[in-house]
Amino acid sequence: MSVVSTPMNPRVTNPNSIVSTAHLGGGFRRLGGSGGAPSSVFFQNVDSQLRMSSRGSRAVIAMAASGKFFVGGNWKCNGTKESITKLVSDLNEAKLEPDVDVVVAPPFIYIDQVKGSLTSRIEVSAQNCWIGKGGAFTGEISVEQLKDLGCQWVILGHSERRHIIKEDDEFIGKKAAYALSQGVGVIACIGELLSEREAGKTSEVCFKQLKAFADAVPSWDNVVIAYEPVWAIGTGKVATPQQAQEVHVAVRDWLKSNVSVEVASKTRIIYGGSVNGSNCAELAKQEDIDGFLVGGASLKGPEFATIVNSVTSKKVAA
């Protein structure tokens, strides 16, 4: 992957980058076996120059991004008033490592309940938002309404929105731009389907999704990228630590080549896809894995706390 000099500009400066880096897709190996479990390293053919380009002269450190470890809990379409009261109680009682940004994303109708009872140690996110200011848009929730409830973040581009609701890249990018313009942080999700990975298109798909964000957002200062391979979400299949790390390296290199060195250095890239209390420690040790976006395990307070506290594994790795 060639690296070109780019100005410190949050917008894409090389619109042909998807084509110029498409050769990376062939380095992603297929899932092996009839059960579809991940095979050996699927990105092992990427030239070592790719890895070096994201590091430059940096010494090897525990975390590639300059910000705090980041763990988000996406509660999706789950919960009742009763169960969420119990979950919030468990989270309030949990002992969490101090140097982690922790966020939870309840369903819209429970945001006010959670915000009013959850410790201020944990921030609150929405799972989606409208593309602009509110108005005659039945069923939608505006960023202004989210801010009114005290939301600091919103998840955008999740695969369930892309593939079930059929939101496209451009639409998602515009949502992100509007949320950021209103002072709400964005957890920007990217990731490939199993069929796309099997076809060797992992990098092509992820870079295309990244480009839509980069074309739209006014700044990357309040953006966290979540790499979530769709084949691993809710399936129990998890990318190996090495597999996840190498995709994160490619994403960081894309930012360096197409946005700026500064953005590549400071943007946190977190992993999602069946993360749980048993596998989080090994994943956290990887340099370019800057945290997690957690689904099912975030509905269990003690297990979610374990995932948050996996930052200690990163410290050991340093």
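Here the residue index of a chain counts from 1 through its sequence in written order. Side-chain atom pairs in this predicted model are given and counted only at pLDDT of 80 or more, local residue features only at pLDDT of at least 70, and totals for whole chains, interfaces and linings cover all residues. In computing side-chain properties, one takes all heavy atoms of the structure into account and sets aside hydrogens as well as water.

1. A look at the packing of aromatic side chains
Piece 1. Paired rings are identified among Phe, Tyr and Trp, the last through its six-membered ring, by centres lying within 6.5 Å, and are further divided according to the angle between planes into stacked (under 30 degrees), edge-to-face (over 60) and tilted (the rest). For the coordinates displayed, the defined rule picks out six aromatic pairs.
Piece 2. With a centroid separation of 5.8 Å and 85° between ring planes, the pair formed by Phe-69 and Phe-292 is classed as edge-to-face. Placement of Phe-69 in strand β1 (residues 69-74) and of Phe-292 in strand β8 (residues 291-294) is noted, with a sequence separation of 223 residues between them.
Piece 3. Three labels apply to residues, based on accessible area from a 1.4 Å probe with only protein chains included: buried if under 20% of the type maximum, exposed if over 50%, partly exposed otherwise in between. What makes Phe-69 buried here is its relative accessible area of 1%.
Piece 4. According to the relative accessible area criterion, Phe-292 is buried, its value standing at 0%.
Piece 5. Aromatic side chains Tyr-227 and Tyr-271 sit 6.3 Å apart centroid to centroid with 50° between the ring planes, which places their arrangement in the tilted category. You can see Tyr-227 sitting in strand β6 (residues 223-227) and its partner Tyr-271 sitting in strand β7 (residues 268-272), a full 44 residues away along the chain. Each member of the pair, Tyr-227 together with Tyr-271, is buried.
Piece 6. Site record: aromatic cluster; members linked through ring pairs are Trp-130, Phe-137 and Phe-171. Helix and strand definitions follow DSSP, with helices as H or I runs of at least four residues and strands as E runs of at least two, each counted in order from the N terminus.

2. A look at the sheet that holds β7
Piece 1. For two strands to pair, DSSP has to find at least two bridges joining them. Read around the closed barrel, eight strands run β1-β2-β3-β4-β5-β6-β7-β8, paired in parallel fashion. Taken over all neighbouring pairs, the strand axes of this sheet differ in orientation by 25° on average, direction set aside.
Piece 2. In the sheet, β1 pairs with strand β2 (residues 100-105) via six bridges, with the strands oriented parallel. Pairing of Phe-69 across the sheet is with Val-100, part of β2. Where helices are involved, their axes are fitted lines through C-alpha atoms of the stretch in contact, as for all axes, and angles between N-to-C directions lie from 0 to 180°.

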